[in-house]
Amino acid sequence: MHPELRSRLLAACGPGHLLDDPDLRASYETDWTRRFTGPAAFVARPPDTAGVAAVVAACREFGVPLVPQGGNTGLVGGSIPRAGEAVLSLRRLDRIEDFDPVAGEVTAGAGVTLQALQEFVRPHGWDVGVDLASRASATIGGMVATNAGGVRVIRYGPMRHQVIGIEAVLADGAILARLPGLLKDNSGYDLPGLLAGSEGTLAVVTRVRLRLIPARPARAVALLGLPSLAAALELLRAVRRQAPGLEAAEVFFPEGLELVQRHAGLPPPFPRPHACYLLVECAGAHDPAPALAAALESAADPDAALLAVSRPERDRLWAYRERHTEAISAEGIPHKLDVTLPAARLGDFESLVRARLAETSPHVRPVLFGHAGDGNLHVNILGADPDDESPDDAVLRLVASLGGSISAEHGIGIAKKRWLNLTRSPADIQAMRAIKRALDPAGILNPGVIFDLEPPPVVSS
Ligand code: MLT
Ligand code: ZN
């Protein structure tokens, strides 16, 4: 490293926070799935926004590309170095500030974990609109940068919908600050909206002002065994109409349940297996259990229906769904695809994708689960070589042919950029490239994520 770059980085980060020892860098160089890994030139851990700006400015001057990283819970290789970039870790920006208990707004540093924010606001009667299983590690900055989804999108939308202000460092080190917390602000382009989901390619998110949701203390969770995904979706339609405050509608299948039982040591939920499992949660100010039970009554087999109201019982049912990610990873290194389908095609997609994979990649094991209420299925593929993209290709082409999107919530990262043109038009991609060039002309922020600046070889649609 050039001595001047080192001294500027040390001044920005403070002693002990510029890591170039391979042992200290290691946990920043491999993602959660273990599929994406690469050496970092160094890891810079600045303490605050000014430090981030100083790191970005120095790296731009010395031509060192940067990969911004939060809790490193991404699943598409978008926050892992690929070709010796430096990692810019935001984890030390972990302050929660300016909580407004009347308006229900709070400002969180990029490195605040979702769980820390939940624990901070819940005693005051507020909650965070997005929730996901990796809450203990996922950071607010990373969740905004990737527009994280999670299990409550059906009610509150993804992370972008919670954002009412943002502070971010641009590629030249300038600080963009839109933190006024105004619910209505039509004074020009929606920059927070643009940065949410830009995967660290346009700016480095340093602080976020979030709109909170009222905490809903009365909750009921139901887990149901059903004969097919079509039956689960049919039942879900009834629940949506009849049960108040539907907050989550998740599905999983026998292959995932078997992994969860084996790796997490959970007992089977029902006396006999079922082809599809639907988990729904309703929440409100008053006990939603009676209305939920009534909505399920006609369709549910009493031997395949569990209703939970107390916190431990609800957590027990949620574990069957939430422990899928770790159980799949315990079984091998998965290819993680994360697709949305138009609601009317979701049922067909489940059987079509299994058939397509059996035909094109008979050696792989698909494990499906996801957010049925959002039309979002996670297609996890076990048994494929990390570099063998043929199963991914088969799945994503099928998704495109059914009018879906190749990424519902995990983003494009590097894992899916080859297929971007399947579901984004040439005009879309050209506009995104133009924005990238305008905001980061030197290409130092997360280069090669979402798309390459020079048009890459595309797959035929
Ligand atoms: C989930 O829904 O649990 C997350 O998207 C993580 C995953 O897909 O493994
Ligand atoms: Zn998900």
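Relevant structure appears above.
Residues numbered from 1 in each chain as written. Chains lettered and ligands numbered in written order. Predicted model: local features only at pLDDT ≥ 70, side-chain atom pairs only at ≥ 80, totals over all residues.

> What is the right way to read the overall build of the chain from this model?
Counting secondary structure elements, the chain contains 16 helices and 18 strands. A compact globule built from 461 residues would reach a C-alpha radius of gyration of about 23 Å, and the chain, at 22 Å, matches this within 12%. Partitioning the contacts of the chain with sequence separation of at least 6, the portion at a separation of at least 24 is 74%. (Helix = DSSP H or I, 4+ residues; strand = E, 2+ residues; numbered from the N terminus. Rg over C-alpha atoms; globule rule 2.2 N^0.38 Å. Contact = placed C-beta atoms within 7 Å.)

> Would you mind going over the site of ligand 1 with me for this structure?
Residues in close proximity to ligand 1 include Ala133, Thr325, Lys336, Asp338, His378 and Glu409, which together make up its full environment. Per-class residue counts for the shell around ligand 1 are 1 nonpolar, 2 polar and 3 charged. (Near = placed C-beta within 6 Å. Nonpolar A, V, L, I, M, F, W, Y, C, P; charged D, E, K, R; others polar.)

> Quick question: what am I supposed to make of the sheet that holds strand β10 (residues 203–211) here?
Note: strands within a sheet are paired through backbone hydrogen bonds, in either parallel or antiparallel orientation. The strand order across the open sheet built from 5 strands is β5-β6-β10-β8-β9, with neighbouring strands paired in antiparallel fashion. Because the sheet does not close on itself, it has two edges, and the strands there are β5 (96–100) and β9 (175–178). Across the sheet, the axes of successive neighbouring strands diverge by a mean angle of 15°, strand direction being ignored. Where β5 lies against strand β6 (residues 105–109), 3 bridges are found, and the strand directions are antiparallel. Its bridge partner lying in β6, isoleucine 96 is registered against alanine 108. (Pairing = 2+ DSSP bridges. Axes fitted to C-alpha atoms, helices over the stretch in contact; angles between N-to-C directions.)

> Help me out: how do you make sense of the sheet that holds strand β1 (residues 18–19) in this one?
Spatial ordering of the open sheet is given by β1-β2-β4-β3, a layout of 4 strands whose pairing is mixed. Each of the sheet's edge strands pairs with one partner strand only, and the pair in question is β1 and β3 (66–69). Two strands pair when backbone bridges link them, and β3 and strand β4 (residues 86–89) are joined in this way by 4 bridges, in the parallel orientation. Paired with proline 68 across the two strands is leucine 88, which belongs to β4. Helix α3 (residues 49–61) contacts β2 (43–44), β3 and β4 of the sheet and is inclined by roughly 165° relative to β4.

> Hey, could you run me through the packing of helix α8 (residues 229–242) against helix α10 (residues 289–297) in this one?
For any two helices packed against each other, the geometry comes down to the angle between their axes and how far apart the axes lie. Packing of α8 against α10 leaves a shortest axis separation of 9 Å and a crossing angle of 145°. Between α8 and α10 lies a crossing whose hand is right-handed. On α10, the residues that touch Ala238, Val239 and Gln242 of α8 are Ala291, Ala294, Ala295 and Leu296. Looking at the contact of α8 with α10 residue by residue, the class counts come to 6 nonpolar, 1 polar and no charged. (Left-handed = near helix turned anticlockwise from the far one by under 90°.)

> So what exactly am I meant to see when it comes to the environment of proline 334 here?
Summarising the element assignment, proline 334 is placed in the loop between α12 (324–331) and β16 (335–340). Since 25 C-beta atoms lie within 10 Å of it, proline 334 is described here as buried. Residues proline 334 and valine 379, 45 residues apart in the sequence, show an inter-C-alpha distance of 9.6 Å. Apart from the residues within four sequence positions on either side, proline 334 is in contact with Thr33, Ile328, Ser329, Asn380, Ile381 and Leu382. (Buried ≥ 20, exposed ≤ 12 C-beta atoms within 10 Å, placed from the backbone.)

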